[in-house]
Amino acid sequence: MQQLHPTANKFAGIRQAPPEMASIVSETVPKFTAEALKSAAKQSERCHIVPLRLRRAIKKYLREQEEPHMKRKVLRLSESFSQIKEVNLMLPTSTSKELVEDPLKSVECSQRWKIKSAYGDIGLKYREDETVAYVASRMPAVYSALYRVLSEVRRRLPGFSPAKVLDFGAGTGSAFWALREVWPRSLNRINLVEPSQSMQRAGQSLIKGLKNLPLIQSYGSIQALSQDVKKSDRQHDLVIASYVLGEIPSLKDRITVVRQLWELTGDVLVLVEPGTPQGSNIISQMRSHILWMEKRRSRKLEDASGKECKALTTLKNGAYIVAPCPHDGSCPLDNTGKYCHFVQRLQRTTSQRAYKRSKGEPLRGFEDEKFCFIAFRRGQRPRQPWPLDGMKFETLKEQHARRNPEDLEIDYEDQFISSEDEDVQDEDPISYDSDVTETDAITENDDWEEEGEETAHANLGSGWGRIIYNPLRRGKRVEMDICRSMDREGTEGSFDRIVITKSKNPTLHHQARRSVWGDLWPF
């Protein structure tokens, strides 16, 4: 592949199409406007507010439990999650043939692990008080991260509306609440797999009283699900496994579980883990395994069917990554000391503010939930035009040259604020949804509403890079660390520092200044 010229990479961030692609980039290619580019690239939300209906449900549930010493129990739950991190550190840091089968032999028998087999009947067993502490302290943050992930899946797949969903490691139902917010009209059936009975009871209590619910069935294991459902009905449009793979203390069992989940996936599989080096390592391992497994499967089918049937065998075979990776090659962050993760800020609910402890300082009104995720889809990555194909950008000098002299005249009356404007500015311009009283009453407006369609969306081709970490804004230049595809097939990726300057490309510079960690970047 032809490498980028250093100056082109530095000032424009635009990759010119090679000669052999000239026929593809034609006048018929849809060209983005500057506003459409910004709309399509926006994937992150500055500060998420947990929906009022979920805050009501949590508050009502906690009041019914009447658990004493909640702050102490929340602290103990946090310590148990730290122990899980220590166990994960004992596992290999890369995908290798040496799989650690049981790293917990040296750990005390009082641990809350429940391991019955190597085929999915595993999970973290929560006691009643730990479940209540989880609902009070962790559920709003986990929900916010899942809402962020599923919202991007909806934006990247505008025609995707899952009717049948499997939630593995459902817990108290955080994924269910996020699903209802993102796809409120399409859900017909949701299968929940959760080994903890106390978690199942809490999830059922939280949704009590909700209207227009899909058919919900709970299972204690994947085996129970497989025995209850016919083989022809086991495929799900969407399969979710969130914050659960890190609770499985064996790399071999993790791979076994993910393989089972992939077999139950008819279209999209979403994996979410905490935004820690260990969580990112788990996502990277599962990413490598599924892509490798599907490539091997496709080769076998091609060899068995013959070259003349290649088009038929690749119709639904294979797998590609919807998000966050813009390519299906090896992760360019491997062995660099960095790890791929994202942050979702959320306003703390009243339960979080009441029961979470701060280290000698007042508790902030918000918290940042760090998470890692990956969304797979069955099939082959579409080969689509890159967003900047055919687009031309003016330099700042060219923009100044075509300015109308009348635009430079100053209206001095606009420099002064009228008394009417002062009266408006004295009012409080912000009204936070989290300040609304969390009553138990269910009003007529509690029905889920479908969000409006995006005016522009980023396609699944390899032309959209991903901004990793916060962009650096320095004067009239913006520096961004971007994971991007090196070819139009999305078979190879790289991690580059892109610099956009106002003088060379004011349009992209304007977009870069408003881009945040997790957004897309066009090439």
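Note that residues are indexed from 1 along each chain, following the sequence as it is written. pLDDT decides what is reported in this predicted model: residues at 70 or higher carry local features, side-chain atom pairs at 80 or more are listed and counted, and totals for whole chains, interfaces and linings draw on all residues regardless. Hydrogen atoms and water are omitted, and side-chain values are computed over all heavy atoms in the structure.

As annotated in an unreviewed UniProt entry, the protein chain carries the name Rsm22-cox11 tandem protein 2, mitochondrial isoform X1 and is attributed to Nicotiana tabacum.

Considerations on the overall build of the protein chain
Secondary structure counts use DSSP, requiring at least four H or I residues in a row for a helix and at least two E residues in a row for a strand, with both numbered from the N terminus. Assigned secondary structure in the protein chain consists of 16 helices and 15 strands. Across the 523 residues in the protein chain, those meeting the buried criterion constitute 51%. Contacts are assigned to residue pairs that have any heavy atoms within 4.5 Å of one another. A sequence separation of at least 24 residues applies to 81% of the contacts in the protein chain between residues at least 6 apart. When the accessible surface of the protein chain is split by element, carbon and sulfur atoms take 49% of a total near 26600 Å². Partly exposed describes any residue whose relative accessible area lies between the buried limit of under 20% and the exposed limit of over 50%, with all areas from a 1.4 Å probe on protein chains only and scaled to the type maximum. Note that accessible areas follow from Shrake-Rupley with a 1.4 Å probe, and for residues the cover is restricted to the protein chains shown.

What to know about helix 5 (residues 128-137)
Residues spaced three or four apart along an α-helix point in a common direction, a consequence of the helix completing one turn every 3.6 residues. The buried fraction of helix 5 amounts to nine of the ten residues, a majority that puts the element mostly inside the structure. Within helix 5 the residues assigned to the buried category are Asp129, Glu130, Thr131, Val132, Ala133, Tyr134, Val135, Ala136 and Ser137.

Concerning the packing of helix 5 against helix 6 (residues 139-156)
The interhelical angle for the contact between helix 5 and helix 6, taken along N-to-C directions, is 55°, at an axis separation of 4 Å. Classified by the angle their axes make, helix 5 and helix 6 are oblique. Between helix 5 and helix 6, the contacting residues are Tyr134, Val135 and Ser137 on the first element and Met139, Pro140 and Val142 on the second. Each residue gets one label: Ala, Val, Leu, Ile, Met, Phe, Trp, Tyr, Cys and Pro are nonpolar, Asp, Glu, Lys and Arg are charged, and the others, such as Gly, are polar. The class makeup of the residues in the contact of helix 5 with helix 6 is five nonpolar, one polar and no charged. To define axes, lines are fitted to C-alpha atoms, for helices over the stretch in contact only, and angles between the resulting N-to-C directions are given on a 0 to 180 degree scale. In this scheme, roughly parallel covers angles under 35 degrees and roughly antiparallel covers those over 145, while 65 to 115 is roughly perpendicular and the rest are oblique.

Considering unusual backbone geometry
Going from alanine 323 to proline 324, the amide bond is cis rather than trans, its omega being 0°. Its identity as a non-glycine residue notwithstanding, asparagine 335 has a phi of 60°, on the positive side. Turning to its location among the elements, asparagine 335 is positioned in the loop between strand 8 (319-323) and strand 9 (342-347). For asparagine 335, a relative accessible area of 83% corresponds to the exposed category. The backbone of tyrosine 469 shows a phi angle near 75°, a positive value even though the residue is not glycine. Judged by relative accessible area, tyrosine 469 falls into the buried class, the value being 18%.

Focus: the side chain of threonine 131
Within the secondary structure layout, threonine 131 lies in helix 5. With residues up to four places along the chain from it excluded, the contact list for threonine 131 reads Tyr61, Tyr126, Thr172, Ser198, Met199 and Ala202.

Describing helix 10 (residues 251-263)
Expected helix span is taken as 1.5 Å per residue step, with the number of steps being one fewer than the number of residues. With 13 residues, helix 10 extends 18 Å from end C-alpha to end C-alpha; this agrees with the ideal 18 Å at 1.5 Å per step. Within the sequence span of helix 10, burial applies to Leu251, Asp253, Arg254, Ile255, Thr256, Val257, Val258, Leu261 and Trp262.

Here's the deal with the side chain of glutamine 344
Within the secondary structure layout, glutamine 344 lies in strand 9. What qualifies as a polar contact is a pair of N or O atoms within 3.5 Å, subject to a donor-acceptor requirement within protein and to the restriction that residues adjacent in sequence count only when both atoms come from side chains. At 3.2 Å, the side chain of glutamine 344 and the backbone oxygen of glutamate 45 are in polar contact. Every residue in contact with glutamine 344, bar those within four places of it in the chain, is listed here: Glu45, Arg46, Cys47, His48, Ser144, Arg148, Glu367, Asp368, Glu369 and Phe371.

Quick notes on the packing of aromatic side chains
Pairs were defined over the aromatic rings of Phe, Tyr and Trp, the Trp ring being its six-membered one, requiring ring centres within 6.5 Å. Orientation was assigned from the angle between planes: stacked under 30 degrees, edge-to-face over 60, tilted for the rest. Applying the stated rule across the entire model yields nine aromatic pairs. In this structure an aromatic cluster arises from ring pairing among Phe342, Phe371 and Phe373. Across the ring face of phenylalanine 523, the terminal group of arginine 484 is positioned such that the distance to the ring centre comes to 4.0 Å. We count a charge as sitting over a ring when the NZ of a lysine or the CZ of an arginine lies within 6 Å of the ring centre and within 35 degrees of the ring normal. The cationic tip of arginine 488 hangs over the ring face of tryptophan 386; the distance from NZ or CZ to the ring centre is 4.7 Å.

Looking at the nonpolar core
Only buried Ala, Val, Leu, Ile, Met, Phe, Trp, Tyr and Cys residues count toward a nonpolar core, and they belong to the same one when joined by side-chain atoms within 4.5 Å. Counting 58 residues, the largest nonpolar core has Trp177, Leu179 and Leu238 as its most contacted members. Top element by residues in this core is helix 6. It accounts for ten residues. Each residue touching leucine 238, except ones within four places of it in the same chain, is listed here: Leu150, Phe160, Pro162, Lys164, Val165, Leu166, Leu179, Trp183, Val268 and Val270. Core analysis: the next-biggest nonpolar cluster, separate from the first, contains 33 residues, Phe168, Ile222, Leu269 and Phe376 among them.

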